[in-house]
Amino acid sequence: MEKTNPHKSKLLRDLLYRPEIGFLMEAHNGLSARIAEEAGFEAIWASGLSISAALGVRDSNEASWTQVLEVLEFMCDASRIPILLDGDTGYGNFNTMRRVVRKLESRGVAGVCIEDKIFPKTNSFIKGTTQPLADSQEFAGKIKAGKDAQSDADFCIVARVEAFIAGWGLDEALRRAETYHAAGADAILIHSALANPSEILSFKKEWGNRLPVIIVPTKYYTTPTDVFVEQGFAAVIWANHLMRSALKAMQDTARQIFQEKTLINVEDNIVSVAEVFRIQGEDELAEAEKLYLPAGTGNFRSIILAASRGQELGELTVSRPKCMVDIKGRPLLAHIADSLRSIGIKDLVCVRGYGKESVNLTSIRYFDNDDFESTQEVFSLYTARSCLSGNVIVCYGDVLFKKYIPQELADLEADFAVAVDADWQTSRNRNRVADYITASEPNSRSAFYHPVYLKKIPAEEGHGIHGEWMGFLRLSDRGCQTVKEILEEMSSEELRRSKIPDLLCRLLSRGEHIRLVYSTGHWLDVDSVDDVLAASRF
Ligand code: SPV
Ligand code: MG
């Protein structure tokens, strides 16, 4: 969607001056301009009648010329083909005309047509014969002023001769056309309100090819287009037909919905909302977002694995699973969901198992691992494998964490990434089960500046422990596909007994690189009654 196309005026000039006839379709706003272009038209007639009608006013200069200019700006932005503005009488005298031309050029309009009537004008089909014509010398001065004002040599000024409309004959039409030619007009528009083409044909016969001649067959619409081709007209303007067809469609739809008080019978007769988005260019915006926006988390999904009961919590988990244990008045899962949402992850998926009826927070999609007693986390993930696509953060349903931890994972451009607590000794002192890891290097200032990778999980004695895996796994779309492949490769026994660290081992043995982000503390997995108490202080 180019804002301005420096070649638009050249395209219009070429259309008018080439031997073959050209066709201009009326448009009156950005949408109809785009529709005209998509239909295949080479140029647009920015009709005064249609623009005023679309604005809900009369074709009598009720909309000011700067308001028309605003409309034109949208039309130019929305289309790549040249626009010839129906500039009425030029909206004033020669001085207004100069200013109009400069403004049109700056907006990317390719040309303007002015008619030899008096401001404020009246539409030619409203009591045309009673309409006074402009003094031809004064009108010629307006054309000359416009030509002198343009800075783009290709910008076209079309002189519209209204002699037939006003009830004058061929001689007056020819005399005026010649005066405007001499003043510098680039083309003549000869208008007629007859239901047959006799006036315009007689004009063309006498005028010959002194300047290109444009016609508007709104009233003599039954004339075959071949006639216009044969007589050598430069261009035909279909002057108001998008506005009139839209008007009919809108009237019909409005009446029908008003009468029937339902949309059921109209839906199939109107375009889909998707078509509206298409013509608005949503695709282009989506592509641009990929180029210019930080990846963000808006397109992330999180899969929360929360099928186990958490037997270690004793009585607390008799009637509900660990993820629903109360922490400061709300279930643990609600805190997890809040943290993920706070970094922009809206698509939350939870795999539940034990006490699944009680796991019922809203705005979370649930999958059920009904085999929770005899399976481990990988089986839960397998249950939700249909959600393994796009950017995903897999996490446990029993972990409290500061939101920067998943945020840092999301910010990494990696197919696989895990969060690791470098302060593992503190938790080791608490004598609890933990997944210790070995990394490509220990946490340090330098680790902050370049990529660190997971090397072993569990850490191998001798290689040293560099941290504790916190239960987060970030996957890109390719990462998701790889994990799905591994899940499909696993025997059913492997699927049932594997934990996420087993999955990480398989990724490593396939030669995948797993990025690692260090933090120190700022998370807590709830494994004991003491942890629940600690969680309340978290
Ligand atoms: C317009 O489309 O606004 C025109 C053509 O000026 S006509 O309505 O035929 O005068
Ligand atoms: Mg008009």
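Position labels on residues start from 1 in each chain and follow its written sequence. Lettering for chains starts from A, numbering for ligands starts from 1, and both go in the order in which the items are written. The predicted nature of this model means local features are confined to residues of pLDDT at least 70 and side-chain atom pairs, given and counted, to a pLDDT of 80 or more, with totals for whole chains, interfaces and linings taken over all residues. As a rule here, side-chain values come from all non-hydrogen atoms in the structure, and water together with hydrogens is ignored.

Asks: What is the right way to look at the overall build of the protein in this model?
Replies: Scanning the protein for helices and strands turns up 21 helices and 21 strands. Note that the radius of gyration is over C-alpha atoms, with the globule rule given as 2.2 Å times the number of residues to the power 0.38. Taking 2.2 N^0.38 as the reference for a compact globule, 538 residues should give roughly 24 Å; the C-alpha atoms of the protein span a radius of gyration of 36 Å, well beyond that estimate. Principal-axis analysis of the C-alpha atoms gives the protein an extent of 105 × 60 × 40 Å. In the protein, which comprises 538 residues, the share counted as buried stands at 50%. Contacts in the protein between residues at least 24 apart in sequence constitute 74% of all its contacts with a sequence separation of at least 6. Carbon together with sulfur atoms contributes 53% to the accessible area of the protein, which is approximately 25500 Å² in total. Once the 62 positive and 76 negative side-chain charges of the protein are each reduced to a mean point, those two points are 3 Å apart. Secondary structure follows DSSP: runs of H or I at least 4 residues long count as helices, runs of E at least 2 residues long count as strands, and numbering of each begins at the N terminus. Type-normalised accessible area, obtained with a 1.4 Å probe on protein chains alone, sets the label of each residue: buried when under 20%, exposed when over 50%, and partly exposed for intermediate values. The contact rule is simple, with two residues in contact once any of their heavy atoms fall within 4.5 Å. In these tables, accessible area is a Shrake-Rupley quantity obtained with a 1.4 Å probe, and a residue counts as shielded only by the protein chains included in the view. Two residue types count as positive, namely Lys and Arg, and two as negative, namely Asp and Glu; His and chain ends fall outside the count. Here the site of a charge means NZ on Lys, CZ on Arg, CG on Asp, or CD on Glu.

Asks: Sorry, what's going on with the site of ligand 1 here?
Replies: One heavy atom suffices: a residue is near a molecule or strand as soon as one of its heavy atoms comes within 4 Å of it. Taken together, W45, S47, G48, L49, D86, N123, S124, F125, R160, H191 and A239 form the complete shell of residues around ligand 1. One of the side-chain nitrogen or oxygen atoms of D86 is found 2.7 Å away from an oxygen atom of ligand 1. Polar contacts, as counted here, are pairs of nitrogen or oxygen atoms within 3.5 Å of one another; within protein the pair requires one atom able to donate a hydrogen and one able to accept it, and residues that are adjacent in sequence qualify only if both atoms are side-chain atoms. At a separation of 3.0 Å, an oxygen atom of ligand 1 approaches a polar side-chain atom of N123. When ligand 1 is considered free in solution it has 280 Å² of accessible area, and contact with the protein chains removes 100% of it. Both site types are read off a 1 Å grid over the protein atoms alone. A 1.4 Å probe that fits but cannot get out defines a cavity, while an open set with protein on both sides within 12 Å along at least five of seven lines defines a pocket; lining residues have an atom within 4 Å of a point. More than half of a molecule's atoms within 2 Å of the grid points is what it takes for that molecule to sit in a cavity or pocket. In a pocket analysis with a 2 Å cut-off to the grid points, ligand 1 is assigned to the largest cavity. Of the residues that constitute the shell around ligand 1, the class distribution is four nonpolar, five polar and two charged. Each residue is assigned to one of three groups, with Ala, Val, Leu, Ile, Met, Phe, Trp, Tyr, Cys and Pro labelled nonpolar, Asp, Glu, Lys and Arg labelled charged, and all others, Gly among them, labelled polar.

Asks: Please explain the pattern of salt bridges as it appears in this structure.
Replies: Where charged atoms from two side chains of opposite charge come close, those side chains can pair. Salt bridges are defined as contacts in which a side-chain nitrogen from Lys or Arg sits within 4 Å of a carboxyl oxygen from Asp or Glu. The final tally for this structure, using the stated rule, is 42 salt bridges. Measuring nitrogen to oxygen at the nearest pair gives 3.5 Å for the salt bridge that ties R13 to D154. Here D154 lies in the loop between helix 6 (136-149) and strand 5 (156-161) and R13 lies in helix 1 (residues 8-17), a separation of 141 residues in the sequence. The buried category is assigned to R13, whose relative accessible area is 17%. For the salt bridge of K290 with E287, the shortest nitrogen-to-oxygen distance reads 3.1 Å. One end of the pair, K290, and the other, E287, are both in helix 12 (residues 282-292), three residues apart, so they sit about a helical turn from each other. Given a relative accessible area of 64%, K290 falls into the exposed group.

Asks: Please explain the pairing of strand 9 (residues 300-306) as it appears in this structure.
Replies: Most of strand 9 is tucked away, with seven of its seven residues classed as buried. The rule for pairing is simple: two strands pair if DSSP sees at least two bridges between them. Here strand 9 pairs with strand 14 (residues 391-396) via six bridges, running parallel. Within strand 14, the residue paired with I304 across the bridge is C395.

Asks: Quick question: what am I supposed to make of the packing of helix 2 (residues 30-39) against helix 4 (residues 65-78) here?
Replies: The N-to-C vectors of helix 2 and helix 4 enclose an angle of 35°; their axes lie 8 Å apart at closest approach. Considering only the axes of helix 2 and helix 4, their crossing is right-handed. Together, G30, A33, R34 and E37 of helix 2 and F74, M75, D77 and A78 of helix 4 make up the contact between the two elements. Looking at side-chain class alone, the contact of helix 2 with helix 4 contains four nonpolar, one polar and three charged residues. In this analysis an axis means a line fitted to C-alpha atoms, helices contributing only their contacting stretch, and an angle means the value between N-to-C directions, from 0 to 180 degrees. Here is the rule for handedness: rotate from the far helix to the near one, and if that takes an anticlockwise turn smaller than a right angle the crossing is left-handed, while a clockwise turn gives right-handed.

Asks: Sorry, what's going on with the pairing of strand 17 (residues 436-439) here?
Replies: Consecutive side chains of a regular strand alternate in pointing toward one face of the sheet and then the other. Burial of strand 17 is two-sided: the residues Y436 and T438 facing one way and the residues I437 and A439 facing the other way are all buried. Note: strand 17 against strand 19 (residues 467-475), two bridges, orientation antiparallel. Bridge pairing in strand 19 places Y436 opposite E468. Here strand 17 runs beside strand 18 (residues 454-456); their pairing, made up of two bridges, is antiparallel. Bridge pairing in strand 18 links A439 to L454.

Asks: Can you walk me through the nonpolar core in this structure?
Replies: As a rule of thumb, nonpolar side chains are buried together in soluble globular proteins. Here, the term nonpolar core denotes a set of buried Ala, Val, Leu, Ile, Met, Phe, Trp, Tyr and Cys residues that are joined through side-chain atoms within 4.5 Å. I303, I500 and L504 are the most contacted members of the largest nonpolar core, which has 79 residues in total. If near-sequence neighbours (up to four positions away) are discounted, L504 is found in contact with V418, L454, I457, W469, L473 and I514. Membership of the second largest hydrophobic core comes to 59 residues, among which are C76, L104, A183 and A185.

Asks: Is there a simple way to explain the state of the cysteines in this structure?
Replies: Defined simply, a disulfide is a covalent bond joining two cysteines at their sulfur atoms. Only a pair of cysteine sulfur atoms within 2.5 Å qualifies as a disulfide here. Overall, the coordinates contain zero disulfides when judged by the stated rule. The structure places no disulfide on C156, whose sulfur is separated from the nearest cysteine sulfur, that of C113, by 11 Å. Left unpaired, C387 is separated from the closest cysteine sulfur, that of C480, by 9.7 Å.

Asks: Can you walk me through the side chain of T218 in this structure?
Replies: Along the polypeptide, T218 turns up in the loop between strand 7 (213-215) and helix 9 (225-230). Here T218 falls in the buried class, since its relative accessible area comes to 13%. Aside from chain neighbours lying at most four places away, what touches T218 is F125, A239, N240 and R244.

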